[in-house]
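So the chains spell out like this:
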Amino acid sequence: MATFDPQFIWFGLVSGSLIALGALGLTLIFGILDFINIAYGEYMAFGAFVAFGLNTQANMPMVVAGIGGVLGAGVLAIALDKVVFEKFRNRSAIVLLVVSIGLSFILRNSIRIIWGSGTKRFDIPIEQAPTYFGISILPDQVAIIILSFGVLALTFVLLRKTDIGIAMRAASDDTDLAQIRGVNTERLVLYVWLVGGLIAGIAGVMLGIDSVLRPTMGFLTLIPIFAAVILGGIGDPVGAVVGGYAIGLLQELSVVVIPSEYKPLIGLLVLVVGLLTRPDGLFGEATR
Amino acid sequence: MMAYSQLLVTVLIIAIIYSLLAIGMNMHWGDTGLLNFAHAGFFAVGAYTSTVLTTPAATGLLGDRIVGLELPIVIGLVAATIVAALFGILIALPSLRLEGDYLAMVTLSAAEMIRLIITNEAWLTAGTQGIKDIPRPLAGAFPLSLGGFQMGYNLFYLGLTIAILIASYALFKRLSESPFGRVLHAIREDEDVPRALGKRTPVFKLKSFGLGAGIAGLAGALWAHFFFAINPTMFLPSLTFSVWAAVIIGGAGSYVGAIVGTSFIVGIRQLTRFLPNDIPLGSELPFLRLILIGAALIVVLYYRPQGLLGDKERIQAGQAMEGE
């Protein structure tokens, strides 16, 4: 346990940004395809490791490598849809969930084979954090927060202002109705995978910058992401983002009352309390 | 030659202990349609309960374990079953109203929390150091000479676990075919129907969860007492997923299928150990094995969604994972 320190709020914003991104991507995919993709954490890890490869093995600058990693995760999401998920399109949500478990096995262990199972770091300078108002703030962390705000804003512009985004929201609400009204849902599915994959890549690369890279990094982030998705109402993008920041802040602030080893417990607590009291999410917008 | 037969016995013991896990999972998913992803957690609870009850307290480099009761192993096995069953009920309680994937998320998180607690509460579990020198039941009596035939300890343990597997199989099979089991099947197909008939479905779901978790706990205790040592990294979610793969590949709803599926998974995991290390990617075998299991799971779901020995009733009810 620790006494309260404004530093925790800053940490909460950083991890909240990462969780919010992951939750947004997962909930978008859920909205259209109606299943929980357990392999989503592996998409994040894959993006991070592609960036790692470009950064340390091909000696590219971090920004270029990061973009490469993000694109890699987007391509991976589409490729896996074509090779695997497309074959299971008319199956139940449970089958898709179990298929995604199989995929997460395959992806995580492929990452181990390609890049090794140890802990890795991006080749970026380790700096002394400057202190403002008693809070030490790393430039990396500022970049994470700004970037995630940017991505979140872009996604919402996409969902609200573009034809594709409006079609996504329509299909998320009622796939059959959207189809009858002339929405090409198969093409839409591809866009959703692309957007979901790119977001996973961004979240993964930033997670790697914030701490270290491990093959299990994405999988271990799934629990707070699940909590954020459910807290926000499954399938509701705004709720997922709000839920993500709420979980991030709660996790970091929880060290005031519980030992810091049990930080991850907050995710489960919120998950259970949220499901019991507001099963449709904070805003009651859950798609089921 | 002796070494190979010893190895075979050990592999069989592993397969039997995993089969117990699959039997519990089949009660949850195959019979009741509950998506339980906390199985590794129940396995861990069983292993640690029995270990803490049967070993003395010990000091360690990273922290001292102050609890250790040195009770007889039988008490450990029984307590492991009961405590794991209670954990199952505890986890199921807040999630009973939840369906499908919500339950999956809560149970998966809960299993990770169990592992987190085991890792951090070193006074009880020795934390990451793990616990060593776990006693084996009747270890002093072996090797036993039976009229010229030397019976080694592993063979005895194999017999013990086979007996427990047969008893568990008979019990769960019987439960599944009893009126109790029929209510579980009805819950799986459409919970509103048994509810309309006056069955208190939450109680049935709790019982199903408790029974399946209990046998997973027993499996954990049997694991700990055979392999001498346990540590928190033995109980990762990938264990849960392997058991899932076994149940799906064997055929959900069939207890024979659960055992066949487990034999298949354990077979892949253990037999590939005999491949020479100097083949291409030889050093990556542990990871290739898991990739193979993941791929097998997807292929079975695509070509044979009911699994190798899928339950007829499930198929007729349209629940053979074909679609909605």
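Only a predicted model underlies this, so the values are computations on that prediction, with no experimental measurement involved. (Residues numbered from 1 in each chain as written. Chains lettered and ligands numbered in written order. Predicted model: local features only at pLDDT ≥ 70, side-chain atom pairs only at ≥ 80, totals over all residues. Heavy atoms only, no water.)

1. Notes on unusual backbone geometry
Just so we agree on the cut-off: Helix and strand assignments follow DSSP, with helices taken as H or I runs no shorter than four residues and strands as E runs no shorter than two, numbered in order from the N terminus. Exposure categories follow from relative accessible area, calculated using a 1.4 Å probe and restricted to protein chains: below 20% of the type maximum is buried, above 50% is exposed, and the middle band is partly exposed.
Its identity is not glycine, yet D34(A) carries a phi of approximately 65°, on the positive side. For D34(A), the location among the structural elements is in the loop between α1 (6–33) and α2 (40–57). Owing to a relative accessible area of 37%, D34(A) belongs among the partly exposed residues under this scheme. You will see that F228(B), though not glycine, has its phi angle at about 70°, which is positive. Checked against the element boundaries, F228(B) lands in the loop between α9 (201–227) and α10 (237–250). Here F228(B) falls in the partly exposed class, since its relative accessible area comes to 40%.

2. Some details on the interface of chain A and chain B
One frequently used descriptor of interface size is the decrease in accessible area upon assembly of the parts. We count it as follows: Residues count as neighbours in contact if any of their non-hydrogen atoms are within 4.5 Å of one another. Using a 1.4 Å probe, buried area is obtained as the accessible area two parts lose upon being combined, added over both of them. Criterion for a salt bridge: a side-chain nitrogen of Lys or Arg within 4 Å of a carboxyl oxygen of Asp or Glu.
Listed per partner, the contact involves 42 residues of chain A and 44 residues of chain B. In total, about 4000 Å² of surface goes out of reach between chain A and chain B, with carbon and sulfur atoms giving 78% of it. When residues of chain A are sorted by the area they lose upon contact with chain B, F105(A), I113(A) and Y262(A) head the list and together hold 16% of the total. Between chain A and chain B we count zero salt bridges in total.

3. Side note on the confidence of the model for chain B
How we decide: How sure the predictor is of each residue is captured by pLDDT, a score from 0 to 100.
Considering every residue of chain B, the mean pLDDT works out to 87; 93% of them sit at 70 or more. Per-element confidence in chain B is highest for helix α2 (residues 39–54) of chain B, whose mean pLDDT is 96, and lowest for helix α13 (residues 312–316) of chain B, whose mean pLDDT is 62.

4. Remarks on the packing of helix α10 (residues 237–253) of chain A against helix α11 (residues 265–277) of chain A
All names here are of chain A. To be explicit about the condition: All axes are obtained by fitting lines to C-alpha atoms, using only the stretch in contact for helices, and the reported angles, taken between N-to-C directions, cover 0 to 180 degrees. Oblique is the label for every angle not falling under 35 degrees (roughly parallel), over 145 degrees (roughly antiparallel), or within 65 to 115 degrees (roughly perpendicular). Crossings are assigned a handedness: left-handed for a near helix turned anticlockwise from the far helix by less than a right angle, right-handed for a clockwise turn. Each residue is assigned to one of three groups, with Ala, Val, Leu, Ile, Met, Phe, Trp, Tyr, Cys and Pro labelled nonpolar, Asp, Glu, Lys and Arg labelled charged, and all others, Gly among them, labelled polar.
Contact geometry of α10 with α11 gives a least axis separation of 9 Å together with a crossing angle of 130°. The angle between the axes of α10 and α11 places the two elements in the oblique class. In this structure, the crossing between α10 and α11 has a hand that is right-handed. Facing α10, whose interface residues are I247, L250 and Q251, α11 presents I266, G267 and V270. By residue class, the composition of the contact of α10 with α11 is four nonpolar, two polar and no charged.

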